[in-house]
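Architecture at a glance
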Amino acid sequence: MLTRSLLISLLMPVVAMTQSAIEPGGVKTAHIEPLRLGQMQVWTLKDGEIPLEASLLKGLAPADARRMLGGKDAAVTPVNAYLVRLGGKTVLVDTGIGKNPEVDAGHLMERLAEAGVAPTDIDLIVITHYHFDHIGGLLKADGSRAFPKAKLLVPRREQAFWLGEPTTLPERLRERIPKLKALFAVYEKEGAFGTFEDGAELLPGLRAIAAHGHTGGHTVYAFSSEGRELWCLGDLMHFGAVQFERPEVGVSFDADGEQAIRIRQELFRKAAQSKAVLAGAHLPRLVRIEAKGSGYSTVPVVP
Ligand SMILES: [Zn+2]
């Protein structure tokens, strides 16, 4: 979750382009190569960038935060969605911020094109949680579905956290309810919306892992193929430069800070054991992690 005050950066997004070509019409097009894990193909789709201020960190002395952020008072982090092709299905995890006049974001469709995928190719969209930087790309500017053939599946617990009746949502978040209802109604009225329980297997090789804490139903998605694992972390963490080394450090906008820390520690432990490739919504690169002291060090994974 990000407050409006954080969305002040107009930094141009930097996209990892591994190859480019001149099309017959003379137009230069970028092409993003996927990471291959077993039979999986994985693309990082960077929708935009946002600055996260060091003051958001909880449980870390300001001087340590500054040092770990390379002497800066904020970390500029990407906002990533992930595209996975597995078993003949094309799955999108989260959808970025979408077009927003306050920030340079909403580049998801360009990134999809660079991956060689059309919006109509998406079979399934899964959402880690309902913060606006994860659901903002679900609709087009005209209010219709951005992914007309996709089924949208969300964690039932996340749906209940935000839209349960009677509401148990903290007062400060209740103003978002009408907008969320309207957004999901677009998919619902076309029979393209569904919920699932914690731990559900959504496709062969795709299961949902309950990772509540950041929000009431925050969910991590684990893809697997031939013994290789990819975990789309959503907002299990925000600051790659801090929270791998210090998983007990939280951020002030976690709905339940203690629960968020517990699940982060548990999933990091399992990820180190399974050598899962970790794909964070706000991490600049794909990594694996290894235990180091009381935390973890990262090993970059490149396509
Ligand atoms: Zn986020």
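Residues numbered from 1 in each chain as written. Predicted model: local features only at pLDDT ≥ 70, side-chain atom pairs only at ≥ 80, totals over all residues. Heavy atoms only, no water.

1. Some words on the coordination of the zinc ion
Only D133 (OD), H134 (NE2), D235 (OD) and H282 (NE2) from the protein reach the zinc ion as donors, at distances of 2.1 to 2.2 Å. Every donor counted, the four donor atoms about the zinc ion form angles of 86 to 157 degrees at the centre, which fits irregular coordination. (Donors = N, O, S within 2.8 Å, 3.2 Å for Na, K, Ca; no water. Tetrahedral: all angles 85-135°; square planar, octahedral: opposite > 155°, others 65-115°.)

2. Observations concerning the UniProt feature "domain: Metallo-beta-lactamase" (unreviewed entry) in the protein chain
Here, the residues flagged by UniProt with the feature "domain: Metallo-beta-lactamase" (unreviewed entry) are residues 78-282. Across residues 78-282, helical content stands at 26% and strand content at 26%; the span's end C-alpha atoms are separated by 5 Å. (UniProt positions renumbered as here; feature names shortened; annotations may be inferred. Helix = DSSP H or I, 4+ residues; strand = E, 2+ residues; numbered from the N terminus.)

3. Details of the packing of helix α4 (residues 156-163) against helix α5 (residues 177-188)
Two elements in contact, α4 and α5, have axes whose closest approach is 10 Å; the angle formed by their N-to-C orientations is 140 degrees. With respect to α5, the axis of α4 lies oblique. On α5, the residues that touch Q159, W162 and L163 of α4 are I177, L180, K181 and F184. (Axes fitted to C-alpha atoms, helices over the stretch in contact; angles between N-to-C directions. Parallel < 35°, antiparallel > 145°, perpendicular 65-115°, else oblique. Contact = heavy atoms within 4.5 Å.)

4. A look at the pairing of strand β16 (residues 277-280)
Residues V277 and A279 of β16 are buried on one face, and the alternating residues L278 and G280, pointing to the opposite face, are buried as well. One ladder, built from four bridges, connects strand β14 (residues 228-234) with β16; its direction is parallel. From the neighbouring strand, G234 faces β16, where its bridge partner is G280. (Buried < 20%, exposed > 50% of the residue type's maximum accessible area, 1.4 Å probe, protein only. Pairing = 2+ DSSP bridges.)

5. Comments concerning the nonpolar core
What tends to happen in soluble globular proteins is that the nonpolar side chains get buried as a cluster. In terms of nonpolar packing, the biggest core is built from 33 residues, with I125 and F147 touching the most fellow members. When residues in this core are grouped by element, the largest group, five residues, is from α5. With residues near it in sequence (within four places) discarded, F147 still touches L92, T95, L108, M109, L112, P119, I122, I125, G137, L138 and Y187. Counting residues in each nonpolar core, the second largest holds 25 residues, with F196, L203, Y221 and F223 among its members. (Core = buried A, V, L, I, M, F, W, Y, C linked by side-chain atoms within 4.5 Å.)

6. Things to note about the environment of F268
Structurally, F268 is set in helix α7 (residues 257-274). You can call F268 buried: its relative accessible area is 1%. Spatially, the C-alpha atom of F268 lies 7.7 Å from that of I289, the residues being 21 residues apart in sequence. With residues up to four places along the chain from it excluded, the contact list for F268 reads L236, M237, Q243, F244, P247, I289 and Y296.

7. Topic: the confidence of the model for the protein chain
The predicted model of the protein chain averages 91 in pLDDT, with 90% of residues at 70 or higher. Across residues 1-25, confidence stays below pLDDT 50; counting only partners more than four residues off in sequence or on other chains, it has 59 contacts. (pLDDT = per-residue confidence, 0-100.)

8. Brief notes about the side chain of E49
Relative to the helices and strands, E49 resides in strand β4 (residues 40-53). Judged by its relative accessible area of 12%, E49 falls in the buried class. Only 2.9 Å separates the side chain of E49 from the side chain of K46, close enough to count as a polar contact. (Polar contact = N/O pair within 3.5 Å; in protein donor to acceptor, adjacent residues only side chain to side chain.)

9. Looking at the sheet that holds strand β3 (residues 35-37)
Spatially, the seven strands line up as an open sheet ordered β3-β4-β6-β7-β8-β9-β10, and their pairing is mixed. The sheet is open, and its two edges are formed by β3 and β10 (193-196), each paired on a single side. Neighbour-to-neighbour, the strand axes of this sheet turn through a mean angle of 30 degrees, independent of strand direction. Here β4 pairs with strand β6 (residues 74-86) via 12 bridges, running antiparallel. Counterpart to W43 in the pairing with β6 is L83. Sitting on the sheet, α4 is in contact with β9 (151-155) and β10, with an inclination near 75 degrees to β9.

10. Points about α5
Compared with the 16 Å implied by 1.5 Å per residue over 12 residues, the 16 Å span of α5 between its first and last C-alpha is a close match. Turning to α5, its buried residues number three or more, namely I177, L180, L183, F184, V186 and Y187. Each element contacted by the buried residues of α5 is listed here: β8 (124-126), α3 (132-135), β9, α4 and β10. (Expected span 1.5 Å × (residues − 1).)

11. As for the environment of P303
Relative to the helices and strands, P303 is located in the segment after β18 (295-300). Through-space distance from the C-alpha of P303 to that of Y130 is 29 Å; in sequence the pair is 173 residues apart. If we skip the residues at most four places from it in the chain, P303 touches E33, P34 and L35.

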